[in-house]
Each structure stands twice: as C-alpha cells, then as structure tokens.
Amino acid sequence: IYHAFPKLETQEPQTEKERQELFRQKNTFAYGCSFHKILWIFMLGAFLGDLTETVFCRITMERWMSRSSVVYGPFSLVWGMGVAGATILLYRYRHREDRYIFLAGTFLGGAYEYICSVFTELVFGTIFWDYSKIPFNLGGRINLLYCFFWGIAALVWMKICYPKVSQWIEKVPKKVGTWISYVMLVFMIFNVCLSGLAMGRYSERAQKIPAEHSLGQWIDQHFPDERMERIYPNAKMTR
C-alpha cells in the first residue's frame, strides 16, 4: 500500500484529537478490538461462563457438576468463543439501540450453539447438551428460551460489561500484557488439543477399541473413564 500511495507514509494527524488517538493506539496494550483484547476476553468469558453454569447447576439440580470443556481448568470453550465472537461481530454496532443488540445476540447465539452441537457430535461422537424436553427446541440442540438468554447476554455484555472490561485490560502494561497473552495462548492450545485427544480415546474405549500407540496408552492411563465422567458428566456417546 505504501509503495502505491507514498503519501501515506508522511501523512500526519491533522487535529489534536487525532494525534491523541494515534498516541493512545501506539502505547496502549490491547487497544480497540485487537487480537490481544479478544484473547483476554475469550479467557475471561470461558472462566466466568464455566463458573456461571456450575453455580446454575448447583441451584437447579442441587449438586455440584463440572461444566468445563477442557481437562485442565474451569474453562467453557462455548462461552469463551461465544463472548469473543460476539465482541468481534458486534463491536462496530456497540453504540446502536438496545433492541438491535438483543436481536443480533439472539440470532447469532442460537446459530452458534447449534453449530457447536453439530460439530461436537460429528467430530467426537458425543452430545454435550440436549434440550429435547424444553419447549420450542430445534433438534434438541437449541431452544427459544436459551436463544433469548443469548440475546440478553449480548446486550448486557456490549452495553455494560465490555466497556469496563476493555478499560481494565488496556490498563495492563504493554510488555507484561503481551507476555501474558502468549502464555495464555500456548496453554489453551495445549489444553484444547489434549482434551480433544482424551475425548477421542474416551469415545474409542466405549467402542472397545484398544490404544495402538504410546500416546493413546498414556491418555488411557491419565484420563480413564472415571476422570472423563467427572469432567464431562452430561456427555452422551452417539457411536
């Protein structure tokens, strides 16, 4: 771009407001809707989502139940990716009227949950939730009530929570925040990959398929059925 439009290299901000914005952009960690901001929001959403579901299950079912998506740590990937995805998609519309945010969150949240349900069943042969007993459900994968919850969550997040969380993240020193981001990224990639392998062996063991390699044997030793059932108590094998 600079070769085609050389004047861009020397173009300076014209107003004091533009100069202040440019200075803030260069010196603020996770400025705007950047990669680092989305990564931190993903981790925060995954943790708080898991915590919320755990407390909800305790209140409604009167027992503590793991709601984590991964084998290490209380993190719900569905919530983490949902919050991060909603932030990316709704960021430019965050100043729009409430009803637009609510409707967008209802539709996007329902579509997202449906896709996650299909993906986990096709890839892992496992159903992690089933809404068949709730009215106005679609194949047991989503239901109208929970879609409304997604809409309310999107509205509360973009109008109330996101501005405060964004300011908090941007107060982190730039160098420190960058290193923390890389640590979180490596940890979560490892965690997701290991969880996928453990879930794969969990499904294979249900089909009486023995581990053929040392990695599978290691997983069988460290993530037996008893441990997997504690981590994923609602998982139902479909094959």
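Below is a summary of the structure that appears in this document. (Residues numbered from 1 in each chain as written. Predicted model: local features only at pLDDT ≥ 70, side-chain atom pairs only at ≥ 80, totals over all residues. Heavy atoms only, no water.)

A few points about the overall build of the chain
Regarding its fold elements, the chain presents 9 helices and 4 strands. Secondary structure elements of the chain, listed N to C terminal, follow the sequence α-α-α-α-α-β-β-β-α-α-α-α-β. Pairs at least 24 residues apart make up 70% of the contacts formed inside the chain by residues separated by at least 6 positions. By element, 65% of the accessible surface of the chain is carried by carbon and sulfur atoms, the whole surface being about 15300 Å². (Helix = DSSP H or I, 4+ residues; strand = E, 2+ residues; numbered from the N terminus. Contact = heavy atoms within 4.5 Å. Areas by Shrake-Rupley, 256 points an atom, 1.4 Å probe, with all protein chains shown as cover.)

So, the environment of threonine 52
Relative to the assigned elements, threonine 52 resides in helix H3 (residues 35-61). Residue classification places threonine 52 among the partly exposed residues on the basis of a relative accessible area of 48%. Sequence spacing of threonine 52 and arginine 67 is 15 residues, and the spatial spacing of their C-alpha atoms is 9.2 Å. (Buried < 20%, exposed > 50% of the residue type's maximum accessible area, 1.4 Å probe, protein only.)

Looking at the packing of H3 against helix H6 (residues 144-170)
With their axes 11 Å apart at the nearest point, H3 and H6 run at an angle of 115° to one another. Once H3 is placed against H6, the crossing between them reads as right-handed. Taking contact as the criterion, the partners of Lys37, Trp40, Ile41 and Leu44 in H3 are, on H6, Trp157, Tyr162, Val165, Ser166, Trp168, Ile169 and Glu170. Among the residues forming the contact of H3 with H6, the class breakdown is 8 nonpolar, 1 polar and 2 charged. (Axes fitted to C-alpha atoms, helices over the stretch in contact; angles between N-to-C directions. Left-handed = near helix turned anticlockwise from the far one by under 90°. Nonpolar A, V, L, I, M, F, W, Y, C, P; charged D, E, K, R; others polar.)

Looking at the nonpolar core
The biggest cluster of nonpolar side chains holds 27 residues, and the ones touching the most others in it are Trp157 and Ile169. If we skip the residues at most four places from it in the chain, isoleucine 169 touches Phe29, Ala30, Lys37, Trp40 and Ile41. Membership of the second largest hydrophobic core comes to 18 residues, among which are Phe128, Ala198, Met199 and Phe223. (Core = buried A, V, L, I, M, F, W, Y, C linked by side-chain atoms within 4.5 Å.)

With respect to helix H4 (residues 77-90)
With 14 residues, H4 extends 19 Å from end C-alpha to end C-alpha; this agrees with the ideal 20 Å at 1.5 Å per step. Among the residues making up H4, those that are buried are Leu77, Val78, Gly80, Gly82, Val83, Ala84, Ala86, Thr87 and Leu90. (Expected span 1.5 Å × (residues − 1).)

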